[in-house]
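Per-entry structural report
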Protein chains: 2
Amino acid sequence: MNPGDRVRVERAEQTFEGVLLPSSTASNLVVKLDGGYNVGIDRDDADVDVLESDVYDIEEGETSDSSVVEFDPDLPTISLISTGGTIASTVDYRTGAVTARFDAKDVLRAVPDLAGRANYRGRVVANILSENMTTDVWQDLAQAVYDEIENGADGVVVMHGTDTMQFTASALSFMLDTPVPIVFTGSQRSADRPSSDNVMNAVCAVEAAKSDCAEVMVCMHESESDDDCALHRGTRVRKNHTSRRDAFTTIGAKPLGRVEYDTEEVTFRHEYNERGAQELALSADLESEVELLKFTPGMGVEALDLADGKAGLVLEGTGLGHVHSDWAERISELVDDGTTVVMTSQCIEGRVCDRVYDTGRDLLDAGIVEGEDMLPGTAKVKLMWALANSDDPATTMQEPIAGEITDRSVPWE
Amino acid sequence: MNPGDRVRVERAEQTFEGVLLPSSTASNLVVKLDGGYNVGIDRDDADVDVLESDVYDIEEGETSDSSVVEFDPDLPTISLISTGGTIASTVDYRTGAVTARFDAKDVLRAVPDLAGRANYRGRVVANILSENMTTDVWQDLAQAVYDEIENGADGVVVMHGTDTMQFTASALSFMLDTPVPIVFTGSQRSADRPSSDNVMNAVCAVEAAKSDCAEVMVCMHESESDDDCALHRGTRVRKNHTSRRDAFTTIGAKPLGRVEYDTEEVTFRHEYNERGAQELALSADLESEVELLKFTPGMGVEALDLADGKAGLVLEGTGLGHVHSDWAERISELVDDGTTVVMTSQCIEGRVCDRVYDTGRDLLDAGIVEGEDMLPGTAKVKLMWALANSDDPATTMQEPIAGEITDRSVPWE
């Protein structure tokens, strides 16, 4: 048994399989698991089988024992996936480029307060500010989350820039059926600022990832104080402030739940999908040819040229879901040409209803699909998903898939 | 002195000039003033000069005395201007078309509870649902408001559809220096519904128009109850719900003031322009070639083609004011071609700051103007105005003109 050997270690009814790493203490075995993280295992009572010798050519001293994170079989395993953003500025990547070399040790170097709460795996999917997020990265991320859960993660935390976190959280909400929590978190203030929110958000996200709620959530400061984080459904959350730490708000209801920072208590105020209730499944196809267009007074009908030849268009109309009456004919042409046109409202709160006024009924006649009370951004992501995964996208757009449509909005509750 | 004569009537130190109308009682003179409204004047102690005979050919009996509204010299004169919308559905226009024949009598027929609160003039500028509002109508409305104030109105109430009320209120905020209150109101529920908000909103708007606050305001339900209306600055208000009666919210602060429905008390919590402090002035020119574009993930840079050759573009970016980094070069081209590009945030709350991240600094290098904490819609209207009225639109965009930029946002206060 030498460093570089592929081994199977059994101890305390747990089995670990991976590559043996050098360890400077006699009491520990250090194994690099297939998921990429290192486990320190007490050598006492451990049964070791060498499966293959010298899989890797490892120099003695390459890994120092002080950096090894002890695996605690009593703790759940949480996968921490980084996509970039302000919170990732706390993470000491070996390079700025995308790399899989982000392990438990890196996680704890980034946020030492995470120690003792879980066993960690680290993984980097991207390292971008989130305004540069693309549908490709959504798909890579969904696959990575799927793989982590498939490989036994009891929960996943995704570190993400806050600018477009709600879009990515929506995308994963539609793409994944998950038996474990998938918790997005980020940071509004970087770690070098006294007011940084990175530690509390990361800690609370890990606690949420250990909870019983198997949904895609966003975990961010609930108030300007450091008391607790709110847990928002990925499809109903919105970044409502450019800079405040409590920028994120659930639209149309109170947040799904909260995590108390001091007590680590996670509570929920609405019904949710329980851990293990859903089988893990991934449907990551997306139709990228979908636009969102916000209507404002003075906007000419030529703005709709943006949607020419596109598979889908989400309109962000006024009030109950209106645009200038002059648009109805052009919208009708788009629909006839095969574009699915979904109406949402820039009011943000409340439900679209185009049956109240003549102008709205003209839009229904033109073939628009009422987007219920979906957030416009969520509707865009869902339309991308529905066009790629549903035989009847228009119908799918009006059916709740992941909490994005509520039975009845309870705003300002 | 006969009906149809042009007359000047002096009574109780008030002078009225207009066309004498038929009156069925001996005790009253009824005069149609040049502003278009009818005044009933007690014949006792009235001095009448006939200025011109038979200006109009008026048939006896055309106006019945019962419809004449008594002018009360102790009450202020409020001009009620209609542009259409749900609240206007309570108004019995003689035709659906635009007409000046909307007088004090019509006002009181629309909302009888207005009686006794003021002397009224009625005026119709448009009769459209507000999603069909155009910059032309904004200009007509600004001119009409100007004329009403010039002709002695002590306050103006504008009835407007709620969908784009905030845009029109912003437009008038920039176009007019006003010595009297200009109060927008509307209705989220039509008068035929038990929950209609039309009466309370109209009554509170008239009370606000009688107040000391010489600003452009929006007066709408403050809560779901009928207790009071909030008064919002025209440039800081947003319709935040598709259907609720308390849909309108001041962004970044508490509302400017409120009107208690029962007590008629109008109170203000922030400083405001006092009645008479400003000279009446109108600068109604607008550059209509201005677009607003909301950026969402997946939107290609070709969306910017919408702004090709336009005078102005307001971007509704993410977070502190970001778009995909790929956009910087194309934005630079637009700026070089003479388009003023202003960055705002879809967060709605908070201030734009593009100096924090590299991606933002690239946008500043490309020539964008940071839109401070202006609402995106307000920024679009202001850019239309600044391009037509300022020698240095970019600088004007960053200076507060009508409360649209706050020193420091106090959100969720």
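Below you will find a few notes about this structure. (Residues numbered from 1 in each chain as written. Chains lettered and ligands numbered in written order. Predicted model: local features only at pLDDT ≥ 70, side-chain atom pairs only at ≥ 80, totals over all residues. Heavy atoms only, no water.)

What about the interface of chain A and chain B?
For interface size, the figure often reported is the accessible area lost on association. Contact residues are listed per partner, giving 53 residues for chain A and 54 residues for chain B. Carbon and sulfur atoms supply 55% of the area buried between chain A and chain B, which totals about 4,500 Å² over both sides. Taken together, the connections running from chain A to chain B amount to two salt bridges. Of the charged contacts, one joins glutamate 316 of chain A and lysine 294 of chain B as a salt bridge, the two residues approaching to 2.8 Å between their closest N and O atoms. Between the two partners, chain A and chain B, sit 24 residue pairs in polar contact (both at pLDDT 80 or more). When residues of the side of chain A that touches chain B are traced back to their parent elements, those giving at least two are strand E13 (237–239), strand E18 (290–294) and helix H7 (376–389) of chain A. A per-element tally of the side of chain A that touches chain B places E18 of chain A first, with four residues. For the side of chain A that touches chain B, a count of residues per class yields 19 nonpolar, 21 polar and 13 charged. (Contact = heavy atoms within 4.5 Å. Buried area = accessible area lost by both parts, 1.4 Å probe. Salt bridge = Lys/Arg side-chain N within 4 Å of Asp/Glu carboxyl O. Polar contact = N/O pair within 3.5 Å; in protein donor to acceptor, adjacent residues only side chain to side chain. Helix = DSSP H or I, 4+ residues; strand = E, 2+ residues; numbered from the N terminus. Nonpolar A, V, L, I, M, F, W, Y, C, P; charged D, E, K, R; others polar.)

Topic: unusual backbone geometry
Negative phi values dominate among residues other than glycine, just as trans dominates among peptide bonds. Although it is not a glycine, isoleucine 348 of chain A adopts a positive phi angle of roughly 80°. For isoleucine 348 of chain A, the location among the structural elements is in the loop between strand E20 (340–345) and helix H6 (358–366). A relative accessible area of 11% means that isoleucine 348 of chain A is categorised as buried. Unusually for a residue other than glycine, aspartate 45 of chain B sits at a positive phi of about 65°. Among the secondary structure elements, aspartate 45 of chain B is positioned in the loop between strand E4 (38–42) and strand E5 (47–52). Aspartate 45 of chain B sits in the exposed class, given a relative accessible area of 70%. (Buried < 20%, exposed > 50% of the residue type's maximum accessible area, 1.4 Å probe, protein only.)

A look at the sheet that holds strand E6 (residues 77–82) of chain A
Residue and element names in this part refer to chain A. Strand order in the open sheet formed by eight strands is E7-E6-E8-E10-E11-E12-E15-E16, with mixed pairing between adjacent strands. Both edges of this open sheet fall to strand E7 (119–124) and strand E16 (266–268), since each of them pairs with a single strand only. Pairwise comparison of adjacent strand axes, ignoring direction, gives a mean angle of 25° for this sheet. Both E6 and E7 contribute to a ladder of six bridges, which runs parallel. (Pairing = 2+ DSSP bridges. Axes fitted to C-alpha atoms, helices over the stretch in contact; angles between N-to-C directions.)

Quick notes on the pattern of salt bridges
All names here are of chain A. Using the criterion set out here, one finds 54 salt bridges over all chains in the structure. Among the ionic pairs, glutamate 260 bridges to arginine 258, the shortest N-O distance being 3.9 Å. The exposure class of glutamate 260 is partly exposed, given its relative accessible area of 26%. As a salt-bridge pair, aspartate 308 and arginine 330 come within 3.0 Å of each other at their nearest N and O atoms. A residue pair is termed long-range when its members are at least 10 positions apart, and aspartate 308 in the loop between E18 and strand E19 (312–317) and arginine 330 in helix H5 (residues 327–336) qualify at 22 residues. Overall, arginine 330 belongs to the buried group, its relative accessible area being 14%. A single salt-bridge network, built from bridges that share partners, covers Arg117, Glu207, Lys210 and Glu264.

Here we look at the environment of threonine 359 of chain B
Turning to its location among the elements, threonine 359 of chain B is positioned in helix H6 (residues 358–366). Between the C-alpha atoms of threonine 359 of chain B and tryptophan 327 of chain B, which are 32 residues apart in sequence, the distance is 10.0 Å. Look past the residues within four positions of threonine 359 of chain B in its chain and what remains in contact with it is Leu129, Glu131 and Asn132 of chain A together with His322 and Ser325 of chain B. In this structure the side chain of threonine 359 of chain B is engaged in a polar contact, spanning 2.5 Å, whose partner is the side chain of glutamate 131 of chain A.

Remarks on the sheet that holds strand E19 (residues 312–317) of chain B
All names here are of chain B. Within the open sheet, the four strands sit side by side as E18-E19-E20-E21. Their pairing is parallel. This sheet does not close on itself; its edge strands, each paired only once, are strand E18 (290–294) and strand E21 (369–370). The sheet contact formed by E19 and strand E20 (residues 340–345) spans six bridges and is parallel. Bridged to glycine 317 within E20 is serine 345.

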